[in-house]
Amino acid sequence: MKYFFVRNIIIAKRLMKGPFFWICMSLLLILPIALKNEIEKHGVGVHVLILDESGENVSAELTDSLISVGNSVISFKIWNGTESEMRDRIAGGHAQAGYIIPSDIAERVRSYHNEKTPLLTAIRSDREISVRVIDEVVYGKLYDLYAESIAQDFTSKLDGRDDPARTPFIHDRYTGYLNAEIPFLFTHADGSVFTEFQNEDDRSVAVQPLKGLIALLVVLMSLSGGILWYQDEKRGVFMRFGLAEKNLVHLSYIVIPTLAAAITGLVTNMLLVNGSFPKEALTMLLLVIIQVPVAFLLQKLVRSVYLYMALIPVIIVCYLIVGLAFFEKDLHF
């Protein structure tokens, strides 16, 4: 047992002497942080700009409600420039849609049921499907504002008189219905009740590239140990080893850098993503359990170190393609 630990320590020291080991470890820290900063700066998904020309309570309420429903797929942002600049921004592809709140939005809301004056000006891009989804979100929040006005007008016309004492009653009833719980029973495909929504960080479109990048770097580290193995085998380091002992040492060349990368990746992941540590640790452990045998079998099948080194970028690209395929499946189906 003592010989086993000493041997692994020697292998670890030899791996750490190589520049490739430290390059990969540095990338595990630098690239996810850089990617997260880029995502926070430019975002992902559909970007919607809001130009508020009113500044009244009604427009502020509408703007706040839209920003609050934003998530990793759709994000609403206030535009502080001019209408022309916002149109140029959308035309240039920096945003997919924009909405202009007019200066007389409060009056338009109060009189919409009679005059039908447009409440907002919508600026569209060429992404028709995503814009329609945004329209539904905006319309839903806009309806929350003027539906009460419709109810007040309807009750006034119903008995032919305007009773100011009735206004607070209608307002309270309307607010109660508006803030009531969602009238749906959410269930899984197997019929079990869906009692808790998944954490936003776990399902966020923005989080997935970070986790995918860390996983790819862990895979790269698991493959990198094989280069040193090929070199030592060519030098005849394992000539006196039996088959079982040789395979055990071979696994050490893979497991040591893979575990080092997995631990570093897990720490980086927990620093950047507010996820569950047991869940993230289990996911990383499964990645290690799957990847170590894959790297071991690959090195057994490929006898040339040069061919092996040429296959590493191909394997990384294949992992990337397969990962994107599953990611797209999750998004669209």
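The structure under discussion appears in the preceding block.
Residues numbered from 1 in each chain as written. Predicted model: local features only at pLDDT ≥ 70, side-chain atom pairs only at ≥ 80, totals over all residues. Heavy atoms only, no water.

Caption draft 1: Spotlight on the overall build of the protein. The secondary structure content of the protein amounts to twelve helices and four strands. A buried classification covers 35% of the 333 residues belonging to the protein. Summing over all exposed atoms, the protein offers an accessible surface of approximately 20,400 Å²; the carbon and sulfur share of this is 64%. (Helix = DSSP H or I, 4+ residues; strand = E, 2+ residues; numbered from the N terminus. Buried < 20%, exposed > 50% of the residue type's maximum accessible area, 1.4 Å probe, protein only. Areas by Shrake-Rupley, 256 points an atom, 1.4 Å probe, with all protein chains shown as cover.)

Caption draft 2: Looking closely at the environment of Leu62. Following the sequence through the fold, Leu62 ends up in helix α3 (residues 57-69). Taking the relative accessible area as the measure of exposure, Leu62 reaches 1% and is therefore buried. Between the C-alpha atom of Leu62 and that of Leu145, which follows or precedes it by 83 residues, the distance is 7.6 Å. Those residues in contact with Leu62 that lie beyond four places of it in its chain are Ile101, Leu120, Lys141, Leu142 and Leu145. (Contact = heavy atoms within 4.5 Å.)

Caption draft 3: Just the packing of helix α10 (residues 243-272) against helix α11 (residues 277-301), in detail. Packing of α10 against α11 brings their axes to within 9 Å, and their N-to-C directions diverge by 150°. Classified by the angle between their axes, α10 and α11 sit roughly antiparallel to one another. You can see that α10 and α11 cross each other, and the crossing is right-handed. Where α10 abuts α11, its residues Asn247, His250, Leu251, Ile254, Val255, Thr258, Leu259, Ala262, Gly265, Leu266, Asn269 and Met270 lie against Phe277, Glu280, Ala281, Met284, Val288, Val292, Ala295, Phe296, Gln299 and Lys300. Here the contact of α10 with α11 is built from residues that sort into 14 nonpolar, six polar and two charged. (Axes fitted to C-alpha atoms, helices over the stretch in contact; angles between N-to-C directions. Parallel < 35°, antiparallel > 145°, perpendicular 65-115°, else oblique. Left-handed = near helix turned anticlockwise from the far one by under 90°. Nonpolar A, V, L, I, M, F, W, Y, C, P; charged D, E, K, R; others polar.)

Caption draft 4: Layout of the nonpolar core. In this structure, Leu223, Tyr253, Tyr308 and Ile312 are the most contacted members of the largest nonpolar core, which totals 36 residues. Among the elements of the structure, α1 (2-17), α2 (19-42), α9 (207-234), α10, α11 and α12 (305-332) are those that each provide at least two residues to this core. Tallying contributions element by element places α9 first for this core, with twelve residues. Judged by nonpolar contacts, the second largest core, of 20 residues, contains Val46, Val109, Leu119 and Val131. (Core = buried A, V, L, I, M, F, W, Y, C linked by side-chain atoms within 4.5 Å.)

Caption draft 5: How the structure looks around the sheet that holds strand β3 (residues 97-101). Read from one edge of the open sheet, four strands run β2-β1-β3-β4, paired in mixed fashion. Both edges of this open sheet fall to β2 (74-78) and β4 (121-124), since each of them pairs with a single strand only. Adjacent strand axes in the sheet meet at a mean angle of 20° when their direction is disregarded. One ladder, built from four bridges, connects β3 with β4; its direction is antiparallel. Counted as the bridge partner of Ala97 is Arg124 from β4. Across the sheet, helix α4 (residues 83-91) lies against β1 (46-52), β3 and β4, angled at about 165° from β3, the strand it touches most. (Pairing = 2+ DSSP bridges.)

Caption draft 6: Expanded view of the environment of Ile316. By the secondary structure assignment, Ile316 is in helix α12. Exposure remark for Ile316: the relative accessible area of 17% places this residue in the buried category. Along the backbone, Ile316 and Val219 are 97 residues apart, and their C-alpha atoms lie at a distance of 7.7 Å.

Caption draft 7: Main features of the pattern of salt bridges. Enumeration over the complete set of coordinates arrives at six salt bridges. Where Arg235 meets Asp232, a salt bridge forms, and the shortest distance between an N and an O atom there is 3.2 Å. With a shortest N-O distance of 3.2 Å, Glu233 and Arg303 are connected by a salt bridge. Residue Glu233 is found in helix α9, and its partner Arg303 is found in the loop between α11 and α12; the two are separated by 70 residues along the sequence. Judged by its relative accessible area of 22%, Glu233 falls in the partly exposed class. Here the salt bridges do not stand alone but share partners, grouping Arg14, Asp232 and Arg235 into one network. (Salt bridge = Lys/Arg side-chain N within 4 Å of Asp/Glu carboxyl O.)

Caption draft 8: Expanded view of the packing of aromatic side chains. The full count for this structure, using the stated rule, is three aromatic pairs. Ring centres of Phe21 and Trp22 lie 5.2 Å apart, and the angle between their planes is 90°; on these two criteria the pair is classed as edge-to-face. Take Phe21: its relative accessible area is 9%, and that puts it in the buried class. (Phe/Tyr/Trp six-rings, centres within 6.5 Å; stacked < 30°, edge-to-face > 60°.)

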